[in-house]
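Below, each chain spelled out in residue letters.
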Amino acid sequence: MSTSALSKAKGFKKSKSGTYLSIGTTAFGALGVIKQARKARTEHDTLKLVDAVVSAAAIVTGLAILYRELKRLGDDDVLLG
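By convention here, each chain's residues receive numbers from 1 onward along its written sequence. It should be noted that, the model being predicted, local features are given only for residues of pLDDT at least 70 and side-chain atom pairs only at 80 or more, the latter also being counted only at that level, while totals for whole chains, interfaces and linings use all residues. Note: side-chain values were computed over all heavy atoms of the structure, leaving out hydrogens and water.

**Student:** When you look at the pattern of salt bridges in this model, what are you seeing that I'm missing?
**Tutor:** A carboxyl oxygen of Asp or Glu within 4 Å of a side-chain nitrogen of Lys or Arg is what we treat as a salt bridge. Applying the stated criterion across every chain, the model contains 2 salt bridges. We note a salt bridge from lysine 48 to glutamate 43, for which the minimum N-O separation is 3.6 Å. Salt-bridge contacts for glutamate 69 lead to arginine 72; the nearest nitrogen and oxygen are separated by 3.6 Å. With a gap of 3 residues between them, glutamate 69 and arginine 72 both fall in helix α3 (residues 46-73), about one helical turn apart. Labels follow the DSSP assignment, with helices taken as runs of H or I lasting at least four residues and strands as runs of E lasting at least two, numbered in each case from the N terminus.

**Student:** Looking at this structure, I do not really get helix α2 (residues 16-43). What am I missing?
**Tutor:** Given 3.6 residues per helical turn, the α-helix brings residues three or four places apart onto the same face. For a helix, the expected span equals 1.5 Å multiplied by the residue count minus one. End to end, α2 covers 41 Å across 28 residues, agreeing with the expected 40 Å (1.5 Å per residue, within 8%). Burial here depends on accessible area, computed with a 1.4 Å probe over protein chains only, as a share of the maximum for the residue type. Under 20% is buried, over 50% is exposed, and the range in between is partly exposed. Every buried residue of α2 is listed here: Gly18, Thr19, Val33 and Ala40. Only heavy atoms enter the contact rule, under which two residues are in contact if any of them lie within 4.5 Å. Turning to α2, the residues buried within the fold contact α3. Histidine 44 sits one or two positions beyond α2 and adopts a positive phi of about 55°.

**Student:** I would appreciate a short explanation of α3 in the present structure.
**Tutor:** For α3, which comprises 28 residues, the first-to-last C-alpha distance of 41 Å matches the rise-based estimate of 40 Å (1.5 Å per residue) to within 8%. Those residues of α3 lying buried are Ala52, Ile59, Leu66, Leu70 and Leu73. Looking at the buried positions of α3, the neighbouring elements they touch are α2. Here α3 starts with a cap whose side-chain oxygen sits 3.2 Å from the backbone nitrogen of leucine 47, and that cap is aspartate 45. Nitrogen and oxygen atoms within 3.5 Å of one another constitute a polar contact, given that in protein one can donate a hydrogen and the other can accept it, and given that sequence-neighbouring residues count only through two side-chain atoms.

**Student:** In this structure, what is going on with the packing of α2 against α3? I would like to understand it.
**Tutor:** For every element, the axis is a line fit to its C-alpha atoms; helices are fit only across the contacting stretch, and the angle between N-to-C directions ranges from 0 to 180 degrees. Contact pair α2 / α3: the axes reach a minimum separation of 9 Å and the direction vectors enclose 165°. Judged on the interaxial angle alone, α3 and α2 are roughly antiparallel. The two elements α2 and α3 cross, and the hand of that crossing is left-handed. Counted by class, the contact of α2 with α3 contains 15 nonpolar, 6 polar and 6 charged residues. Orientation is classified from the angle alone, with under 35 degrees giving roughly parallel, over 145 giving roughly antiparallel, 65 to 115 giving roughly perpendicular, and any other angle giving oblique. Note on convention: near helix rotated counterclockwise from far helix by under a right angle means a left-handed crossing. Clockwise means right-handed. Classification used: nonpolar for Ala, Val, Leu, Ile, Met, Phe, Trp, Tyr, Cys and Pro, charged for Asp, Glu, Lys and Arg, polar for all others including Gly.

**Student:** What is the right way to read the side chain of threonine 19 from this model?
**Tutor:** Along the chain, threonine 19 turns up in helix α2. Reaching out from threonine 19, the side chain makes a polar contact with the backbone oxygen of serine 15 at a distance of 2.8 Å.

**Student:** So what exactly am I meant to see when it comes to the confidence of the model for the protein chain here?
**Tutor:** Predicted confidence across the protein chain gives a mean pLDDT of 84, with 74% of residues reaching 70 or more. Known as pLDDT, the predictor's confidence for each residue is given on a scale from 0 to 100. Taking the mean pLDDT of every element in the protein chain, the minimum, 59, falls on helix α1 (residues 3-11) and the maximum, 94, on α3.

What follows is the structure in structure tokens.
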């Protein structure tokens, strides 16, 4: 891998594409939390339900941070130059 390619790979996380990928994977994690919450409600397990709510709050916070980063990137995309 050339130095230029390596630096682009390292910069991917701070690019728009990398941020979109992070948003997608974080949102995909929300599906697991939804399943966890439904199961907890079905089983009337308060502790598991609280865990699901805390996990959901962490996902929402993570998505908000990623959205802010995406707005901050604006037109200054690392991969585009």
